Amino acid sequence: MDVTVSPVKLKYAIAQSVEIDGVNIAYTYVKVKVQNLEAPKTVEILYKDRSGTWLTAPIDFSSNYGDYDVFESINAPYAAEFAIRYTVDGVDYWDSNYGTNYKLVTNDNIIGANVILNKATVKTDINSGTYWLEGEIYVKKISFNKRIGVIFSGDDGNSWLETNATYQGVEIEGAYDIIFNTAIEVWKFKTPAQNYPAEPDYFRLAVYYKNDDTGETYWDNNFGQDYKISKVNGATIE
């Protein structure tokens, strides 16, 4: 298997511990993206419980999008500190937030990079035959002055177009109770409607975060291989 970048990345997580009618409800909602390498494969969350003991719990397979998979658990054990392990054919790969582990306090949420594609959908006008892309991007709140967007190609990378995204609010996915300190913003994009070649039968795309305060640019390009989505009305990747 050819692995040039880490093939596992936390997509989104939130840990909550709330009292409802005297009953404590504690859980972690977690989504993980992994490069589709080989089978069999497993994804696990390694977490520190309230006593400080490290434990392991599985994260279930959710969906396949060709060259990557999404694993998801809506009710993993409460994990204020954790890392993700991806095991393929006996080989372990880690997303441990660059060796520092992911750390969540009650009512916080987190993503595994400064920018991550949440979803993208292809839309078609049957009368004109034009296509466009709509989608959402998760963004970590690290700067005020920034530009978020998507680059995409309808001719397999021979030419690229760029569309800016617009701010929509903060993300509260998976929250049972109010989030008082959300760390994640949601930005939406919609590309112009136009005609594209019939071949290849997919779009390539990646999303970016241009930090105007520092001059840095961050990318989510699907483990270095770009996202691909079929030129079919309603086709969706997450």
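Residues numbered from 1 in each chain as written. Predicted model: local features only at pLDDT ≥ 70, side-chain atom pairs only at ≥ 80, totals over all residues. Heavy atoms only, no water.

Caption draft 1: Main features of the pattern of salt bridges. By the definition in use, this model includes twelve salt bridges. With a closest N to O distance of 3.9 Å, Asp-95 and Lys-9 form a salt bridge. Here Asp-95 is found in strand E7 (residues 91-95), whereas its partner Lys-9 is found in strand E1 (residues 8-20), with 86 residues between them in sequence. Judged by its relative accessible area of 4%, Asp-95 is buried. Via salt bridges that share partners, Asp-156, Arg-204 and Asp-226 belong to a single interconnected network. (Salt bridge = Lys/Arg side-chain N within 4 Å of Asp/Glu carboxyl O. Helix = DSSP H or I, 4+ residues; strand = E, 2+ residues; numbered from the N terminus. Buried < 20%, exposed > 50% of the residue type's maximum accessible area, 1.4 Å probe, protein only.)

Caption draft 2: Quick look at the packing of aromatic side chains. Evaluated as defined, the whole model comprises twelve aromatic pairs. Look at Tyr-12 and Tyr-29: their rings are 6.2 Å apart centre to centre, the planes differ by 70°, and that puts the pair in the edge-to-face class. With Tyr-12 in strand E1 and Tyr-29 in strand E2 (residues 23-35), the pair connects residues that are 17 residues apart, well separated along the chain. Exposure remark for Tyr-12: the relative accessible area of 0% places this residue in the buried category. Ring centres 6.1 Å apart and planes at 70° place the aromatic pair Tyr-131 and Phe-203 in the edge-to-face group. With Tyr-131 in strand E11 (residues 131-140) and Phe-203 in strand E16 (residues 202-211), this pair connects stretches of sequence that are 72 residues apart. Pair check on accessibility: Tyr-131 and Phe-203 agree, each one buried. (Phe/Tyr/Trp six-rings, centres within 6.5 Å; stacked < 30°, edge-to-face > 60°.)

Caption draft 3: The arrangement of a nonpolar patch on the surface in detail. Taken together, the side chains of Tyr-167, Val-170 and Ile-172 define a hydrophobic patch exposed on the protein surface, amounting to about 290 Å² of accessible area. Here Val-170 shows up in strand E14 (residues 166-170). (Patch = residues over 30% accessible without salt bridge, like charges linked within 9 Å, V, L, I, M, F, W, Y side chains within 5 Å. Areas by Shrake-Rupley, 256 points an atom, 1.4 Å probe, with all protein chains shown as cover.)

Caption draft 4: Just the layout of surface pockets, in detail. A volume near 530 Å³ is recorded for the largest pocket. Lining the largest pocket we find 27 residues, and of these Lys-9, Tyr-98, Gly-112, Ala-113 and Trp-219 sit closest to its centre. Take the lining of the largest pocket: its biggest share by element is four residues, from E1. (1 Å grid on protein atoms, 1.4 Å probe; cavity = no way out; pocket = protein on both sides within 12 Å on 5 of 7 lines; lining within 4 Å. Points joined across faces, edges and corners; volume = space filled by probe spheres on them.)

Caption draft 5: Inspection of the sheet that holds E14 at higher detail. Across the sheet, which stays open at both edges, the five strands sit in the order E14-E15-E11-E10-E19 with antiparallel pairing between neighbours. Bordering the open sheet on either side are E14 and strand E19 (236-237), each of which pairs with just one other strand. Where E14 lies against strand E15 (residues 184-190), four bridges are found, and the strand directions are antiparallel. Counted as the bridge partner of Val-170 is Glu-185 from E15. (Pairing = 2+ DSSP bridges.)

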